[in-house]
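What follows is the residue order along each chain.
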Amino acid sequence: MNSVAQTSSPVPACQIAYFSMEYAFVQSLKTYSGGLGFLAGSHMRSARALKQPLVAIGILWKYGYYDQVRKPDQTMDVLFMEKQYSFLEPTNLRFQIRVNHAPVWVTAYYLPPATFETAPTYFLSTDLPENDYLAQTICHRLYDPNPETRITTSILLGVGGAKLLDLLQLSPDVYHLNESHPLPVAFALYNRFGNAEVVRKRLVFTTHTPEEAGNPRTDIRLLDRMGFFDYLPLDTVRQLTGIYTDTFNWALAALRLAGRANAVSKRHQEVCQQMWGAYDNLCPIGAITNAQNARFWADEKMADAVARNDNAALVARKKTLKKRLFDVVADQTGDLFRPDVFTIVWSRRFAGYKRADLLLADPARFERLLSNPAYPVQMIWAGKPYPFDYASIGTFDRLVHVSKGFANCAVLVDYGMQLSRQLKGGADLWLNTPRLTREASGTSGMTAAMNWAVNASTNDGWIPEFARNGINSFVLPEASITGPVHEQDAFDAENLYALLETVVLPLYYEHPDDWTAIMKASIEDVTPYFDSDRMAAEYAETMYKINDSPSAETHNSARPLLTQAPD
């Protein structure tokens, strides 16, 4: 077996290696589940546009996240279907990593930058005949429910990604961990350099969530046995991470091993400081607010109408996009929505703290809202629960059953990049309802604003940096986060009903020019700050710090950060 076979495409210049468990590049490449992938996809598009010498490392998921389909009663079902991608180039590389002390063969597939206008990306795979079935399944499902399989995917991404870069003869100055999933790369680097300070200078870490699921804790001996620490002695791991308990906190370890870290909004930075304030020896945690790629997400005709200050063209284009979305609604549910009716969309990953069903808190009030002839409303929900989060699937199914009683209420399946774009184009109001301090960023509202949908949100994540209440969006009063959850939910539900009934709907129907002004302010305010070009440049300047890297002198003369494209 030739472990140093050459790739079929030129090896890109590389100063930064970006590691992420998921990437949302296009609808047809099913390597994403939700916001983390959407963020990584936009980042890689901007890295390409800004000609940053960055290479992305991910995993080629054989069955993707899952395909969201319906059961006979229209509730949600989960389908795992094999994916094939003829546009990915096999590298013909073969190399081994060790999992549970056993060798596992790894290969990689290459996504050239020109295919989808992204940074060059390598997708790792263990789906090889040289491996037994168990080893092949490492790359089968994004976020497999088996805890040990989840650990092996991190070993594949971190240790396997580091080995791939070595085989490609790339020596990045910076290894960027997009969440703690790729953490094993830190131990692979220590195995190479034998110096924690050298690792710290090369490693940066982005934390995306205060949620428990995004900050895993695992028995340290299980991780040790499986090879998570690249078979460093456990005593060495404890010394490096300062974790001497039996429970290993991935995010805490990343914050101690990295030289720099960042939260993904200013409010999230405050939450992180509260979360980690009692711990010592942490790297600085800055804030780089998430953003989305306007060139990819914004409707061109709408953007052109805004540039020309053509309100009539804006209104006409919005109706066209609403009709396109309503064709999907009719196809999936049999309901015929009208483009002249105010349309509310709640669409994102289903999770308990995001409260997809907040509008159902008072069923009588919800029915009154949807049956008011003076201010007609259409309501759409869409999004993917984790396929084994039965509580969130139960919420999704409850919404399906409720929607059957209303011709102006729909729940859509097959949520992905394409449906996400259609929903944002067709929404008048983009509803965002997380409990306060639980949403690190919430990027869906950015791309909604890019498509002339007005945000209505709790004051969390990116919203405090964007919102001008009543001018470019609507912001709910802040509930007390010290009170019981049910009191927070009741407070937010009451304020949401009042906002819709007394402010938003009268404004839309009785003062259309004022509504148009809010929509224009929204689309104008979302760029350039919430365009990912700003975000990618900020990462380059504050996190990657190329001028401070070990080989900066060579790189600065040969491949300036913002002037040479990785092709």
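In what follows, the structure referred to is the one given above.
What comes next is a walk through the structure. (Residues numbered from 1 in each chain as written. Predicted model: local features only at pLDDT ≥ 70, side-chain atom pairs only at ≥ 80, totals over all residues. Heavy atoms only, no water.)

## Re the pattern of salt bridges
Part 1 of the argument: Going through the model one piece at a time under the given rule, you end up with 27 salt bridges.
Part 2 of the argument: Of the charged contacts, one joins Arg317 and Asp299 as a salt bridge, the two residues approaching to 2.8 Å between their closest N and O atoms. Of this pair, Arg317 sits in helix α13 (residues 311-333) while Asp299 sits in the loop between α11 (294-297) and α12 (300-307), and the two are 18 residues apart along the sequence.
Part 3 of the argument: On the accessibility criterion, Arg317 (12% relative accessible area) is buried.
Part 4 of the argument: Where Arg355 meets Asp492, a salt bridge forms, and the shortest distance between an N and an O atom there is 2.7 Å. In this pair, Arg355 is assigned in the loop between β15 (342-347) and α14 (363-370) and Asp492 in helix α19 (residues 485-510), connecting sequence segments 137 residues apart.
Part 5 of the argument: Given the relative accessible area of 2%, Asp492 is considered buried.
Part 6 of the argument: One network of salt bridges, in which partners are shared, links Arg355, Arg435, Asp489 and Asp492. (Salt bridge = Lys/Arg side-chain N within 4 Å of Asp/Glu carboxyl O. Helix = DSSP H or I, 4+ residues; strand = E, 2+ residues; numbered from the N terminus. Buried < 20%, exposed > 50% of the residue type's maximum accessible area, 1.4 Å probe, protein only.)

## With respect to the sheet that holds strand β17 (residues 409-412)
The pairing of strands in a sheet happens through backbone hydrogen bonds and is either parallel or antiparallel.
Part 1 of the argument: Read across the open sheet, the six strands follow the order β17-β16-β15-β18-β19-β20; overall the sheet is parallel. Looking at which strands have only one partner, the edges of the open sheet turn out to be β17 and β20 (473-475). Within the sheet, the average angular offset between the axes of one strand and its neighbour, ignoring direction, is 20 degrees.
Part 2 of the argument: Examined bridge by bridge, strand β16 (residues 377-382) and β17 share four bridges and lie parallel to one another. If you follow Trp381 over to β17, its bridge partner there is Val411.
Part 3 of the argument: Where α14 meets the sheet, it contacts β16 and β17, and its direction lies at approximately 120 degrees from that of β16. (Pairing = 2+ DSSP bridges. Axes fitted to C-alpha atoms, helices over the stretch in contact; angles between N-to-C directions. Contact = heavy atoms within 4.5 Å.)

## A closer look at the packing of α12 against α13
Part 1 of the argument: Remark: α12 packs on α13, axes separated minimally by 9 Å, with the N-to-C direction vectors making an angle of 165 degrees. For the element pair α12 / α13, the angle class is roughly antiparallel. Judged by the sense of rotation from one axis to the other, the crossing of α12 with α13 is left-handed. Residues Lys301, Met302, Ala305 and Val306 of α12 pack against Ala313, Leu314, Arg317, Lys318 and Leu321 of α13.
Part 2 of the argument: Of the residues in the contact of α12 with α13, the class split is six nonpolar, no polar and three charged. (Parallel < 35°, antiparallel > 145°, perpendicular 65-115°, else oblique. Left-handed = near helix turned anticlockwise from the far one by under 90°. Nonpolar A, V, L, I, M, F, W, Y, C, P; charged D, E, K, R; others polar.)

## A look at the pairing of strand β1 (residues 16-20)
Part 1 of the argument: The buried fraction of β1 amounts to five of the five residues, a majority that puts the element mostly inside the structure.
Part 2 of the argument: Sheet topology note: the β1/strand β9 (residues 174-178) ladder contains five bridges and is parallel. Bridge assignment links Phe19 to a residue of β9, and that residue is Leu177.
Part 3 of the argument: In this sheet, strand β2 (residues 54-59) lies alongside β1 in parallel orientation, the contact comprising four bridges. Bridge pairing in β2 links Tyr18 to Ala56.
Part 4 of the argument: Following the chain from β1 across helix α1 (residues 35-49) to the adjacent parallel β2, one finds a crossover that is right-handed. (Right-handed = clockwise from strand over helix to strand, strands pointing away.)

## Notes on α13
Part 1 of the argument: Taking 1.5 Å as the rise per residue, α13 with 23 residues should run 33 Å; its terminal C-alpha atoms sit 32 Å apart, in good agreement.
Part 2 of the argument: Turning to α13, its buried residues number three or more, namely Leu314, Arg317, Lys318, Leu321, Lys322, Leu325, Phe326, Val328 and Val329.
Part 3 of the argument: The opening residue of α13, the one whose side-chain oxygen lies 3.3 Å from the backbone nitrogen of Ala312, is Asp310.
Part 4 of the argument: The positive-phi residue at the C-terminal boundary of α13 is Gly334, with phi of around 85 degrees. (Expected span 1.5 Å × (residues − 1). Polar contact = N/O pair within 3.5 Å; in protein donor to acceptor, adjacent residues only side chain to side chain.)

## Overview of the nonpolar core
Part 1 of the argument: Of all hydrophobic cores here, the largest spans 122 residues; its most connected members are Leu183 and Phe248.
Part 2 of the argument: Counting residues per element, this core draws most heavily on α19, which supplies nine residues.
Part 3 of the argument: Phe25, Leu39, Leu111 and Ala540 belong to the second largest nonpolar core, which has 28 residues in total. (Core = buried A, V, L, I, M, F, W, Y, C linked by side-chain atoms within 4.5 Å.)

## Topic: the state of the cysteines
Part 1 of the argument: As enumerated under the stated definition, the model contains zero disulfides in all.
Part 2 of the argument: Free of any disulfide, Cys283 has its nearest neighbouring cysteine sulfur in Cys272, separated by 11 Å.
Part 3 of the argument: In this structure Cys283 comes out as buried when scored by relative accessible area, which is 8%. (Disulfide = S-S within 2.5 Å.)

## What about the side chain of Lys83?
Part 1 of the argument: Structurally, Lys83 can be placed in the loop between β4 (76-79) and β5 (89-90).
Part 2 of the argument: Within the structure, the side chain of Lys83 is placed 2.5 Å from the side chain of Asp67, a separation counted as a polar contact.
Part 3 of the argument: Engagement of the side chain of Lys83 in a polar contact is seen with the backbone oxygen of Met81, the distance being 3.4 Å.
Part 4 of the argument: Ignoring sequence-local partners within four residues, the contact set of Lys83 consists of Lys30, Trp61, Lys62, Tyr63, Gly64 and Asp67.

## As for the environment of His43
Part 1 of the argument: Checked against the element boundaries, His43 lands in helix α1.
Part 2 of the argument: Sequence separation between His43 and Ala537 is 494 residues; the distance between their C-alpha atoms is 9.7 Å.
Part 3 of the argument: Excluding anything up to four places from it in sequence, His43 contacts Tyr18, His176, Met535, Ala536, Tyr539 and Tyr544.

## With respect to the packing of aromatic side chains
Part 1 of the argument: All told, the structure shown has 37 aromatic pairs when counted by the stated rule.
Part 2 of the argument: With centroids separated by 6.1 Å and ring planes inclined at 25 degrees, the aromatic side chains of Phe19 and Tyr175 adopt a geometry described as stacked. In this pair, Phe19 is assigned in strand β1 and Tyr175 in strand β9, connecting sequence segments 156 residues apart.
Part 3 of the argument: Looking at Tyr175, the relative accessible area reads 0%, which means it is buried.
Part 4 of the argument: Connected via pairs of aromatic rings, a cluster forms that spans Phe342, Tyr375, Phe474, Tyr508, Tyr509 and Trp515.
Part 5 of the argument: The ring of Trp346 carries the charged tip of Arg348 above its face, separated from the ring centre by 5.0 Å.
Part 6 of the argument: In this structure, Lys384 packs its charged tip against the face of Tyr66, placed 4.7 Å from the ring centre. (Phe/Tyr/Trp six-rings, centres within 6.5 Å; stacked < 30°, edge-to-face > 60°. Lys NZ or Arg CZ within 6 Å of the ring centre and 35° of its normal.)

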